[in-house]
Amino acid sequence: KEYFKFIAQRITEYKSTIKNNNISIADFGCAAGAFPGYLKSVFPNDTIEGFEYLDELVKSANKTFPLIKITQASILERKSIVELEHSFDVLTVLGVISIFDNVEEILSNLIYWTKPGGKIFIQGMFNPYDIDVFVKYRESKNYGHNNVETGWNIISQKTITNILNKNNISPPKFHKFNISLDIEKNNSDSVRSWTEKKYDGTRYITNGLCLLQPQYTVEITSVVSQR
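Structural notes, computed from the coordinates. (Residues numbered from 1 in each chain as written. Predicted model: local features only at pLDDT ≥ 70, side-chain atom pairs only at ≥ 80, totals over all residues. Heavy atoms only, no water.)

**A look at the overall build of the protein**
And step 1. For the protein, the helix and strand inventory stands at 5 helices and 10 strands.
And step 2. Each principal axis of the C-alpha distribution contributes one length, and for the protein these read about 50 × 45 × 40 Å.
And step 3. Taken over 227 residues, the protein has a buried fraction of 45%.
And step 4. Sequence separation of 24 or more characterises 64% of the internal contacts of the protein that already satisfy a separation of 6 or more.
And step 5. Accessible surface, the protein: about 12400 Å² in total, of which carbon and sulfur atoms supply 50%.
And step 6. Positive and negative charge centroids in the protein, built from 26 and 25 side chains respectively, lie 3 Å apart. (Helix = DSSP H or I, 4+ residues; strand = E, 2+ residues; numbered from the N terminus. Buried < 20%, exposed > 50% of the residue type's maximum accessible area, 1.4 Å probe, protein only. Contact = heavy atoms within 4.5 Å. Areas by Shrake-Rupley, 256 points an atom, 1.4 Å probe, with all protein chains shown as cover. Lys, Arg positive; Asp, Glu negative; His and termini not counted. Charge placed at Lys NZ, Arg CZ, Asp CG, Glu CD.)

Here it is in structure tokens:
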């Protein structure tokens, strides 16, 4: 995945600014461990861990990546891993934020788990306009049933900044993610994302929800701002 490389580059830039080049990195919502596995291939001398809520994915990740510690935990529950206070130099979260309607608790937990001066990188959809968008959808075959699904919320960059300001954290940086390759449409699963080319040759990412996805990596420095 191209954004694996994108975030790894941000981590590399961070590592170049600190004296201790060996750092600890944790990926929250790591699913079957693909991103921690990729990070270990890029940063073999660093400590890489993963955290995932679903037990079956944790088991799969531990089987596929036996050299990486993958733990069952929820990004919403600080008490479940309270011993991790100020444990990691870098935290990463990919494609998870858009599942939740309220991200304030998540941001607070991420700050709690990050060392002072450390970095948090969150990949997802963030609205450059000052509007929070909450998306619910249902496949047509399920019409008449109240089983709507989530996972595609687009929280505004302003809201993220306001929450961090409330927690006395310096304003974040929003790195625009521009994809450089084509992703084909999956006709059997129209919720999966694909790319379309613009008139100028660049690409945008969309899916069957008719969303033009504003993909960004949010870079947060876990240090109290001087105000």
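**A closer look at unusual backbone geometry**
For residues other than glycine, phi is negative in most cases, and the peptide bonds are mostly trans.
And step 1. Despite not being glycine, Ala31 has its phi angle at roughly 55°, a positive value.
And step 2. For Ala31, the location among the structural elements is in the loop between strand E1 (24-28) and helix H2 (34-42).
And step 3. Given the relative accessible area of 31%, Ala31 is considered partly exposed.
And step 4. One non-glycine residue, His86, adopts positive backbone phi at about 55°.
And step 5. By the element assignment, His86 lies in the loop between strand E3 (69-72) and strand E4 (88-94).

**Quick look at the packing of aromatic side chains**
And step 1. Summed over all chains, the structure comprises 11 aromatic pairs.
And step 2. Aromatic pair Phe4 and Tyr38: ring centres 5.7 Å apart, planes at 45°, arrangement tilted. Pair noted here: Phe4 is in helix H1 (residues 2-15) and Tyr38 is in helix H2, with a separation of 34 residues, a long-range link.
And step 3. Judged by its relative accessible area of 25%, Tyr38 is partly exposed.
And step 4. With a centroid separation of 6.1 Å and 75° between ring planes, the pair formed by Phe51 and Phe88 is classed as edge-to-face. Of this pair, Phe51 sits in strand E2 (residues 47-52) while Phe88 sits in strand E4, and the two are 37 residues apart along the sequence.
And step 5. A residue is classified by how much of its surface remains accessible, and Phe51, at 3% relative accessible area, is buried. (Phe/Tyr/Trp six-rings, centres within 6.5 Å; stacked < 30°, edge-to-face > 60°.)

**Overview of the packing of helix H4 (residues 104-113) against helix H5 (residues 157-166)**
And step 1. The interhelical angle for the contact between H4 and H5, taken along N-to-C directions, is 55°, at an axis separation of 10 Å. Taken together, the axes of H4 and H5 lie oblique to each other. Considering the relative orientation of H4 and H5, their crossing is right-handed. Residue-level contacts link Glu104, Leu107 and Ile111 of H4 to Ile160, Ile163, Leu164 and Lys166 of H5.
And step 2. Taken together, the residues that form the contact of H4 with H5 break down as 5 nonpolar, no polar and 2 charged. (Axes fitted to C-alpha atoms, helices over the stretch in contact; angles between N-to-C directions. Parallel < 35°, antiparallel > 145°, perpendicular 65-115°, else oblique. Left-handed = near helix turned anticlockwise from the far one by under 90°. Nonpolar A, V, L, I, M, F, W, Y, C, P; charged D, E, K, R; others polar.)

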